[in-house]
Structures are given as C-alpha cells and as structure tokens.
Amino acid sequence: MKSFSWKSALASPAGRAFLALLLVLAAGAIFNADGAFFKIGTHRDTLRQASVYGMLACGMTLVIVSGGIDLAVGSLVALAAVCAGKMAIHWNWPWWQVVPGCLAVGLTCGAVSGWVTATLRVQPFIATLSMMVLARGLAKFASGGMKVSTAVQNPDGSYRYVDVPPLFRAIDHRILGGNLSVVTVIFLVCVALAWLALSRHRWGRYLYAIGGNEEASRLSGVPVTGAKICAYAASGLFAAVAGLCQAAQEQQGDPEAGSGYELTAIAMVVIGGTSLMGGRGGIGLTLFGVLTIGYLDKILSINAVPEAGRLVLTGIIIVAAVLTQRRGRT
Amino acid sequence: MSTPSSLVRLRGITKHFGPVTVLRDVQFDGLAGEVHVLAGENGAGKSTLIKILGGIHTDFEGTIELDGQVVRPRSPMEANALGVAVIHQELSLIGPMSVADNIFLGRTPTRGGFVQDARQHEAARHWLHQLELKLDVSQPVERFPVAIRQLIEIAKALSQNARVIVMDEPTSALNAPEVNTLFALIQSLKQRGCCVIYITHKMDEIERIADRITVLRDGQWVGTAPAADLPPPKLIQWMVGRDLGEQFPRHAQHLGEERMRLENFTVFSAGLSSRPTAAEVSLSVSSGEVLGLAGLQGSGASELLLGIFGAYGTAVRGRLFLDNSEQLFTSPGQAIDAGVALLTNDRKATGLVLPLSITANVTLAGLRALSPGGWRRPARECRAAEAMTTPMRLRAASMDTEVGVLSGGNQQKVVLAKWLQTRPRLLMLDEPTRGIDIAAKREIYQLVEQWTTEGIAILLITSEMSELLTLSDRIVVFHRGRVTAEYSRSESSPELILAAAMGQTASV
Amino acid sequence: MRAKLFALLVFISLAVAGFGQSAKTYTIGMSQCNLGEPWRVQMNADIRAAAAQHPELKVIFNDAQNDTLKQRAQVEEFVSAKVDLLIISPKEAQPLTEPVARAFEAGIPVIVLDRAVLGDKYTCFIGADNKKIGKAAGQWIAKKLGGKGKVVELKGLMTSIPGQDRHTGFREGIAGTDIDVIFEADMKWLEPDSRKEMESALSRFDHIDLVYAHNDPGAHGAYLAAKAAGRDGIIFVGIDALPQEGVAYVKQGILDATFRYPTGGAEAIETALKIFKGEKVPKKIVLGTRLFDKSNVATGGEPLP
C-alpha cells in the first residue's frame, strides 16, 4: 500500500489539472469585476456556457484516448440543431421522438466517420475533416441555408409564428431556485456516462489499449475496428446532445452553429491532461479542462477585456498549461 | 610489468529513480584493447550503468573518466563526441527514415545546409560492408527485420569511430553466421585499441569472447576478474549470489494425445499475391509436448505462428486441427477464444501497451472472461494479475506501474503472464527468453516444465541452441518457409540443426 | 461577284440582328461571394424576385463559397460567356478589382453590390451605409430613452468594416446625450456569444435600460439571457431586419426595434433595366434603411433617409 504524499499527488496529471483550475479561480477572485465573480449567478452562467463545449469534450476524450481525433463535432452540432429545429418546431414532433431522432443523426454520422477511419483505414484527421464538411453541407441543405426558427414561412411568402416547443423550454430552464441550468445537468450526465464507459467498462479499457499500442492490442484479441467505430459513434452522439441543447438555447436550429467548437473541445481535453497520442488520460481530467477554460472565458467576459486581449491571454494560458503537464514525465 | 591504463573508469556511480536506488557505489574499469563483459541478473543495473556512460541519464553521483579526464556527458551526442558509442538493447533507429540517414543521424554530411545524399550513401554502405551486409541504404529502416536493424545499429556505432563501444545484448536477434561476423569485428576493434563493453546473458558468448568480466548484483559491484578465473558455475554464483547447481536438466516428457495438427499450411504474410513466407507446412504437437521450431533469419517460423494465430486474417491456406476438430482463425480474438496463445518476438512493438499498467497488460487478452456483461471488476483483475505475476517473481514497485518503465526482463514476464492468464491449450512462444537474465530463464524453464504437466502443448521458437535442445521434445527445422528436417530429442545436435536450417540435409 | 457576296452577308446579319432585337433576352451573371449568411441568401432571393417580374431577364447565379480565387474565376467565366451584365458582391476589394475592371473594359456593364472594389472601373455601386444605420439606431435609442439611460452595446466582429461602422455610427447618434454605455463586448455576430456577454453584463449591473446589438441574432441572444434571468423591462434593438429574423422578432415582441440593412437586390435589377434601356445611371447609389418597430411593423416599416 503506497503511502499518500502531497508532492506526488500534486505532480499527478489530476493534481496539475486541478492546480491550473485553482489558478484560474484565483485570478477570478482577484479580477472580480466589482464583485460579479462572487455572485452565484455568474457561476451558474459559466457552467451553462461551458456545457455545450463540455459535452463535445466528453466524446472527444473517448476518441483521443483511442489515438484518434474528431474534427466533425462542430458541424454535427449544427446538423443536430437543424434537425431538432425541424422536428420540434416545424413538424411539431413530441419530445420522445425529437430526442431519439437527433441522437440517431449524430450517432449515424459518427459511426460513418468511425467506419471510414477504422475499416477503410483513412487517417482520423482526414476522415473526420471530410465528415465536418459533409455534415455542414447537410445542415445547410436540410435548413435551406436559413435558420430553422419559430418564424415559419407560409406558401404565399408571409410568416406565421409558432410557439417555442416545450422540449426547448424544458432544456433552457433553471432549477434549484434558479441557481443551476438544466443544460449543466445534462452536461454532468454526459460526464458520468462517459466516465463509466471509459473507466468501468471493458470497451473503455480497449480504447486505452488501442491508443497505447494498436498492433499489440490487435494481437491480444482486442476488437480494434469495432471499438474504434463505437468511439466515433459515441462522439457523434454527444455532439447531437450538444446540438439539441444549442437549438433549445437559441430557440432555433442554426446551420452555421458550432463553427470552431471542435477546437475548443480539443483544447479542453488537452488542458485537462489527456495526451493527444492516446493511451493516457480520462474524463475526470477533461472535466478540469472544461472548467478551466469555462472560467477563464467568463473572467475575461465580466471584465469586458477587449477581444484581442482575450485571444492572446487564452493562447498563453493554453501553452502554459500544456508545458506544466510535460514536466511530470521524464 | 606495466599496468595498461584504463580507457574508461567509473567510480562511485550511484543512481536513484525516485525512492528506488538502482545503482549504489558502482565501479568499473575498461582497458584499451579488451572485451569486457558486464554481467548480471535482470534488474542488476547493467543497462542503467551504460545509459549513464552514454549520456542518457545525466542525474547521477560519481565520476566518469575517459583517458584520465573527468567527463560528464550531458547528452548522447556529447558522449559520442567524447568517443563513447552505445548500442542499446532497445534499438534507437527511426523507422521511417532511411538506413543511411539513421547511421549518420546528427552528423549528416551537408554542404551549405543541403544533405549530400551520395556521400552519405557511400559511407553508409562502407560501414555496412564491414559487417558483411549489403543493403539498399535508401530504404526506410522499418522495412528490415529486427536482426538486420541490430546490425545497422552496430554499423552506426562503428561509423562514429568511438574508442569505447558498448553493446547491450547485440546478438539477441542474430543467427549463428551473423554472430560470427560480429565477433570477428569485435576482435578487430580490440586490435585497434578500443574497449568493447559487452552485455550478454548467453554463456557460450561469454566463454567465447570475454577477456575480463565485471559482475553487478542488485545495483552493486560484486567483482571484476579475468575470464579464465570465472568459469560458468562461479560466474553464475557471483550473479545470483547463490549456487544454482549444474546446468539446467533436460525437461521430463509428459506426452499425451495429439493437440494440434497442421496439414499443408501456407502463410502469405505479405499478401495473397506475393510469395508465401511459410509453405506447405505439415506438423503436429501433442498435449504436454514442446515442439521446437528452429531456423535462421527469414526461415518463416515466426510468420507461421502468426498465421496460425489469425494475425494475417484470411491470407492463409491449408488446414488446422485443434484437438481433432478443424479450425480456421481469421483474427487473434478467435484464436484466443479457442485456447490458442502467441507470445511474439518483439514485446515492445507487439506484446505490450507501454502506457498501461502491469495489471492492465496482464488482463488484456482475457478481459472478456474477467468482465462478464461488459462491466469491469477492478478487484478481480488485480487478483488475476497478481496470481499470474507472483509465481514469475516479477519485480516492480506496484502492479499499477506503467510497463514502459520496467526492465526488459520484467516486461517479458508481463507478456508471459498475459498469455498464461488466458489458460491456453496451445501456447506458441517466439523467443520467450530474449533479454532475460539467467536466473529468470531458469524460472521460465521451470514454468515450461509445469505447463507441460498441465497438458498444454507448446510451440517454441528460440535462437539459443542450448535452450532449444534443453526444452524441446522434438525439433522441426525451417529453411525459407519449408520444413527441411525433423529430429527427436535423442537424435538432435547443434550441427544437424544448423545444417538443416541452412538448407543442407545432412547425412548422420 | 465579291461585292455581291459581301452585300448578301451584310443583309443576312442585319436580318438576324433585327430578329434578335425584337425578342431580346438579357443574360445577367450574378457572382455572390458566399451563401453562408442568411443575409446573402436574402440578397439572391431579392434579385430573383425582382427579375421574375421581367421575363426578358435571365439571371445566372454563381456562389464562390467565400473563396476569392473562385470568385475571380467565375467573373472571368461570365466574361467569356459574354453576359449582358455582371452583378457582383465581392468577397474582398483588392483581388477582385482587376477581374471586374477587365469585364468593364470588355464592354460588360458591372453593378457592384454591398462591398466596393477599388478604383472606378465599374458602372454602378449599390450599397448601404452602416454608419448611417448605426447613427439612425443611435438617434432612435436617444429618443426612446429620452436622452438618458444605461445601455449595453453588443458589437459585431470589430475587425470587420460593418462592425466598426455600426459602432461609430451609433456613438455619433447618441453623442451629446446623457446615455451611458456601461458595458460593451465583441460578440462576433454570433448568438451564443452574445448570450454569454449579456449574462456577464447582467451579473455586473443591476440596472440596464437598453441593449443595442449590431445584428438581430445578437439581440435575440441577449433577450433570451435577460428572460432567463427574469430581468424584464429591458429594451432590445438590433440591425439587419431580415423578414424571418429581425422583423419576426419585432412582431413577436422580442425586439423593440430593428433597422434594415438592405441587400440592394431589387435596386440592382432596377438599375440593370435602366442600363439596358440605355439610360444613364449614377456611379454610386446609397441605399437608405428602414425602421421596424412596434408601431409600424405591421405596415412594413418606415423608410429613413
């Protein structure tokens, strides 16, 4: 039984990710914008804003641990949002049809990405880049290039206004006395499911093994192709959840949504401490990464830091976080 | 009488890895013009000592003297510049780069920044020629088999004109003629006044080339003596600290019913449209039997095992029978489910997932059985892994240690544990004791003995003749993918086997 | 003999030309820099609708997918195909100036929409003035607040000219009043970003009178943030006034006012017709804007000079 030492705990990947978060929170306490940082509403909003990205980061962790990458998730957010808009607003489907419908779209696209990379042996970067373009195209095609909103066009060119679907209202809603967003709860459920899969399920162990040494895994009987396809399908599924939440929060399905979200998701995973090479990392680390970037963004926002400054600061902090991670390994 | 001066002198070398002290106050003298063998069990510290001399570990206590000058190389490049070249057990070649580029890595001949390919290629060919090797030096190194890569590594060290040349298990992937060439080369290095520091576990090699022998045990210096003063029994005693008795006895035979049979089995490892690497192989092995597969480089024995295991998918022809029922494995998973296991000859590339823990690696092949319904049971996995590794005397800080930081011998034990964990009825071993010290080898021989009493059928590939003769009940010899001879244990001898492996059917 | 042949040829070509003239259709090439933004989709729709009223016009639409080189190639294709008129909404001024100039010199009239090219080798530029619109918004806001109040400004991408113009115009419009811009942020035209910035503003300031966003999606995002926070009574003003977005938001009571950023599509066709009739057209047509607020949204808004 190893004895617990503070030094080694802080030097571990989780320890360092936690330290990074602490530093950001400390910065927030110092630059608190006339006390705004200490209001519970600010924390609720930070979590709400970070949740959609966080859902993407959950799926991204699974894919990165297996040694791959998924660049399509941003476009899948848009595709799912457009589908959600069409299904819930235009076609008036009940929630128990909208939700599976959106999830099915994300799952299918993800599975296709996975199939192309695992079975056709196309590099994940290229395969998911292609899906990124394809999904964005499908989103624009399905929506006719316009946002799918509560303003529905009549055949004669005029508009009628339908209600915001109850599903959307239920998602873009606050509970616990207005102190927690439903979207945040959905995000935490995603975290729990992803963690269970990665840490407690055989499939999760397979993903680590594949990311660590694909050939050795294959020769140990690991079903490499199937496991990889499932990883990308799961990533698509999480992207669909994110897209549904995005649509609910905008009350419309925007085919331009999610642009660049995949990079934020990757940054969150990397800052958390999961290695882009695969084989190391986990959901717990990603959660730290999500919070770190989420709080950083909020602190810059409440202090009304000009845009150029935000980009520079965020870039510096991402580099610093990655550098502190590397020192732990000889 | 003048004492020849030490070319290299190490004093008081101490190294810690965190809480573990790997070397404690070690001393070493290397003279010019000698072959100095560095011997010791697994984990004795030999590789660490060499890495310190070679500039890889820079954080240590003690002094290094080269030609009377105290030095402290801060990188392998600096060590090379000081005249020290190290050929590691774990090869340091860069796969996708060409042979020539690898040999001259860091010393690429350039003119105005542009690489002079022609000059580089010619020089590379020159050094390879010294090893009697003719290669297309523009090909990427990863295209060549492990044995050739080892020779390229040696050529690289030679081209650095070093005076202290360290070789860590250089013959582990070489066949007999290649070993002869290497030893001749070592002799010429001696004559040039170099000091060759040679690490090996093979007794016959030590007997052949050692001038002096230094023994390390558990990170400490035990002693240094001329080879004549250290016959094998005494050497082993120094290494293990206890008398191991005579040479390992031949294992008892426990033959049962036929376990596996191949009929005209052919393997197309490079795809169906190319020449087969193993052709029309017919053999059988019974339960409790050890069938040795002998062969030189390119004999196809390793590929045969991979083909049986399903690693080449459908690129195989012929018939396979397991306990008299016909099988065809198109994936390793199928083979494992049917009770077949394969330990490959390259543990780092195809045997282990280096970032994962010992437990994770040991339970990888049998994970389905350990996780009914898909959910893992960590406690059960720990118990299963420990049950496998404890009898093998695996030395590690904890079962959660990343296997990437373990020594070569311990890594090999992890892979063996993984396969035993699947309870195979046919166990195929490809170089199971490569890079393992003598005491650990004995442990594995004992395990083989035990496995045969349990009725497991074993196919064994090994390039160590004594190991082959000790363990095998029968020996089948391969040459260029075909079986050229078969000998029972009483009939076999090193000469017969070598002859058959080189394609000559000998008359007894 | 040769003279007779020549006369025959002249006669035939005149006859053919005469035939062509009586049933003359005009082919217009329309090069759109991208169809990613709904506003540009609207521009094409406006052109299509205006052209549909005139059966002698045939418009060929090309989408350059936001690629400058592609747009250059498309312009050159139109020139080779000898279209009767070119309408172009360029991605960037500098790289498209030369192809447009070559078309113009080849005798093809060129109408430039929304974004200008450099120099003067084109027939007519039609565009709106974001500064004017911003100023109109500022003036409306000043009037609505009675010259005094706390305002949040949510800006579009400030590295773009429209963003800068809508900002400076607005500041001009409220100059000299007691209106205090207590919080401003760059939300890059995006609704989720706008919502996030509005949440920050809400948590910092207990009292906000009005939110001025550089586009309607931005205003919508801010509205949702305020609604979720239970902060009623804030006035929301946006710009663009697309029929299914900004105008719809005013009708639904989400926005209090929005200002049309006209696409110029209909005006382009009007101008094209004038050119075909041989009339002289001005070098530059600056489009006015239209205010949509609760009082006039049902009647199609109110044009502003």
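Residues numbered from 1 in each chain as written. Chains lettered and ligands numbered in written order. Predicted model: local features only at pLDDT ≥ 70, side-chain atom pairs only at ≥ 80, totals over all residues.

**A few points about the overall build of chain B**
Okay, step 1: The helix and strand tally for chain B stands at 18 helices and 22 strands.
Okay, step 2: Expected size for 508 residues packed as a compact globule is a radius of gyration near 23 Å; at 23 Å, chain B falls within 12% of this value.
Okay, step 3: By its C-alpha atoms, chain B is 70 × 50 × 50 Å across when sized along the principal axes.
Okay, step 4: Out of the 508 residues in chain B, the part that is buried amounts to 48%.
Okay, step 5: Long-range contacts, defined as pairs at least 24 residues apart, comprise 69% of the intrachain contacts of chain B with a sequence gap of at least 6. (Helix = DSSP H or I, 4+ residues; strand = E, 2+ residues; numbered from the N terminus. Rg over C-alpha atoms; globule rule 2.2 N^0.38 Å. Buried ≥ 20, exposed ≤ 12 C-beta atoms within 10 Å, placed from the backbone. Contact = placed C-beta atoms within 7 Å.)

**Let's talk about unusual backbone geometry**
Okay, step 1: If you check the backbone angles, Gln251 of chain A has positive phi at about 60° while not being a glycine.
Okay, step 2: Within the secondary structure layout, Gln251 of chain A lies in the loop between helix 11 (224-250) and helix 12 (261-272).
Okay, step 3: Although it is not a glycine, Asp323 of chain B adopts a positive phi angle of roughly 50°.
Okay, step 4: By the secondary structure assignment, Asp323 of chain B is in the loop between strand 16 (316-322) and strand 17 (325-327).
Okay, step 5: Residue Asp323 of chain B is classed as partly exposed on the basis of its C-beta count, with 16 C-beta atoms lying within 10 Å.

**Details of the environment of Trp93 of chain A**
Residues and elements named next belong to chain A.
Okay, step 1: Position of Trp93 among the secondary structure elements: in the loop between helix 4 (73-90) and helix 5 (95-118).
Okay, step 2: Classification of Trp93 by C-beta neighbours within 10 Å gives partly exposed; the count is 17.
Okay, step 3: Considered as a pair, Trp93 and Pro165 are 72 residues apart in the sequence and their alpha carbons are 9.1 Å apart.

**Focus on the nonpolar core**
Okay, step 1: Leu56, Leu79, Ala80 and Ala240 of chain A together with Met428 of chain B are the most contacted members of the largest nonpolar core, which totals 191 residues.
Okay, step 2: At 18 residues, helix 11 of chain A tops the list of elements feeding residues into this core.
Okay, step 3: Those residues within four positions of Leu79 of chain A in sequence are excluded, and the remaining contacts are Val105, Cys109, Ala135, Leu138, Ala139 and Gly243 of chain A. (Core = buried A, V, L, I, M, F, W, Y, C linked by C-beta atoms within 7 Å.)

**Regarding the environment of Lys143 of chain C**
Okay, step 1: For Lys143 of chain C, the position within the fold is in helix 5 (residues 130-144).
Okay, step 2: Taking the C-alpha atoms as reference points, Lys143 of chain C and Phe236 of chain C, separated by 93 residues in sequence, lie 14 Å from one another.

**Quick notes on the interface of chain A and chain B**
Okay, step 1: At the junction of the two partners, chain A supplies 21 residues and chain B supplies 23 residues.
Okay, step 2: Within the residue set of the side of chain A that touches chain B, elements represented by two or more residues are helix 9 (202-212) and helix 10 (214-218) of chain A.
Okay, step 3: With six residues, helix 9 of chain A is the single largest residue contributor to the side of chain A that touches chain B.
Okay, step 4: Considering only residue class, the side of chain A that touches chain B consists of seven nonpolar, seven polar and seven charged. (Nonpolar A, V, L, I, M, F, W, Y, C, P; charged D, E, K, R; others polar.)

**Structural notes on the sheet that holds strand 4 (residues 61-66) of chain B**
Residue and element names in this part refer to chain B.
Okay, step 1: Pairing in this open sheet of four strands is antiparallel, and the strands run 2-1-4-5 from one edge to the other. Whereas interior strands pair on both sides, the edge strands pair on one side only; in this sheet they are strand 2 (20-31) and strand 5 (69-71). Averaged over all pairs of adjacent strands, the angle between strand axes in this sheet comes to 25°, irrespective of strand direction.
Okay, step 2: Judged from the three bridges that link them, strand 4 and strand 5 form a sheet pairing that is antiparallel. In the strand pairing of strand 5, Glu65 is matched with Val70.
Okay, step 3: The sheet contacts of helix 1 (residues 46-53) involve strand 1 (6-17), strand 2 and strand 4, and relative to strand 1 the element is tilted by about 115°. (Pairing = 2+ DSSP bridges. Axes fitted to C-alpha atoms, helices over the stretch in contact; angles between N-to-C directions.)

**So, helix 11 of chain A**
Residue and element names in this part refer to chain A.
Okay, step 1: Taking 1.5 Å per residue, 27 residues should reach 39 Å; helix 11 reaches 39 Å between its end C-alpha atoms and fits that length.
Okay, step 2: Judged by how many residues are buried, helix 11 sits mostly within the fold: 25 of 27 residues are covered.
Okay, step 3: Among the residues trailing helix 11, Gln251 stands out with phi positive, at a value near 60°. (Expected span 1.5 Å × (residues − 1).)

**A short note on the domain arrangement of chain B**
Okay, step 1: You can read the domains of chain B as domain 1 (6-240) and domain 2 (258-339 + 424-501).
Okay, step 2: Centre-to-centre, using C-alpha coordinates, domain 1 of chain B lies 32 Å away from domain 2 of chain B. (Domains from an automatic or database assignment.)

**Some words on the arrangement of the chains**
Okay, step 1: Contacts are most numerous between chains A and B, considering all two pairs of chains that are in contact.
Okay, step 2: Nothing in chain B touches chain C, and the closest approach of their C-alpha atoms is 35 Å.

**Digging into the interface of chain A and chain C**
Okay, step 1: With 26 residues of chain A in contact, the opposing surface of chain C contributes 24 residues.
Okay, step 2: Mapped onto the side of chain A that touches chain C, the elements with two or more residues apiece are helix 3 (40-65), strand 1 (151-153), strand 2 (159-161) and helix 13 (283-302) of chain A.
Okay, step 3: When residues of the side of chain A that touches chain C are assigned to their parent elements, the largest contribution, four residues, is made by helix 3 of chain A.
Okay, step 4: Broken down by class, the residue content of the side of chain A that touches chain C amounts to eight nonpolar, eight polar and 10 charged.

**Remarks on helix 5 of chain C**
All names here are of chain C.
Okay, step 1: Here helix 5 is 15 residues long and its end C-alpha atoms lie 21 Å apart, about the 21 Å a rise of 1.5 Å per residue gives.
Okay, step 2: Those residues of helix 5 lying buried are Asn130, Lys132, Ile133, Gly134, Lys135, Ala136, Ala137, Gly138, Ile141 and Ala142.
Okay, step 3: Looking one or two residues beyond helix 5, the residue adopting positive phi is Gly146, at roughly 65°.

**Some remarks on the packing of helix 3 of chain A against helix 7 (residues 191-204) of chain C**
Okay, step 1: With their axes 10 Å apart at the nearest point, helix 3 of chain A and helix 7 of chain C run at an angle of 175° to one another. By the angle between their axes, helix 3 of chain A is roughly antiparallel relative to helix 7 of chain C. Where helix 3 of chain A abuts helix 7 of chain C, its residues Gly41, Thr42, Asp45 and Gln49 of chain A lie against Lys196, Glu199 and Ser203 of chain C.
Okay, step 2: Of the residues in the contact of helix 3 of chain A with helix 7 of chain C, the class split is no nonpolar, four polar and three charged. (Parallel < 35°, antiparallel > 145°, perpendicular 65-115°, else oblique.)

**Thoughts on the sheet that holds strand 14 (residues 278-286) of chain B**
Residues and elements named next belong to chain B.
Okay, step 1: Strand order in the open sheet made by the four strands is 14-13-16-17, with antiparallel pairing throughout. The two strands at the open ends of the sheet, each matched to only one other strand, are strand 14 and strand 17. Across this sheet, the average inter-strand angle for adjacent strands is 15°, counted without regard to direction.
Okay, step 2: By the bridge criterion, six bridges tie strand 13 (residues 258-267) to strand 16 in an arrangement that is antiparallel. Each bridged residue has a counterpart across the sheet, and for Thr266 the counterpart in strand 16 is Arg317.

**Some details on the pairing of strand 3 (residues 34-40) of chain B**
All names here are of chain B.
Okay, step 1: Counting buried positions along strand 3 gives seven out of seven residues, so the element sits mostly inside the fold.
Okay, step 2: Relative to strand 10 (residues 195-199), strand 3 is paired through five bridges, and the arrangement is parallel. Residue pairing in the sheet places His36 in a bridge with Ile197 of strand 10.
Okay, step 3: Pairing geometry for strand 3 and strand 11 (residues 212-217), over five bridges, is parallel. Looking at strand 11, one finds that Ala39 is bridged to Val215.

**Description of the pairing of strand 2 (residues 57-63) of chain C**
Residue and element names in this part refer to chain C.
Okay, step 1: Inspection of the sheet shows strand 1 (residues 26-32) paired to strand 2 by seven bridges, in the parallel sense. Paired with Gln32 across the two strands is Asp63, which belongs to strand 2.
Okay, step 2: A crossover links strand 1 with its parallel partner strand 2, the connecting element being helix 2 (residues 38-52), and its sense is right-handed. (Right-handed = clockwise from strand over helix to strand, strands pointing away.)

**So, the packing of helix 3 (residues 68-80) of chain C against helix 4 (residues 93-105) of chain C**
Residues and elements named next belong to chain C.
Okay, step 1: Direction vectors running N to C along helix 3 and helix 4 enclose 0°, while the axes themselves pass 10 Å from each other. Relative to helix 4, the element helix 3 lies roughly parallel. Facing Thr68, Gln71, Arg72, Val75, Glu76 and Val79 of helix 3, the residues of helix 4 in contact are Pro95, Leu96, Pro99, Val100, Arg102 and Ala103.
Okay, step 2: For the contact of helix 3 with helix 4, the class distribution of residues is seven nonpolar, two polar and three charged.

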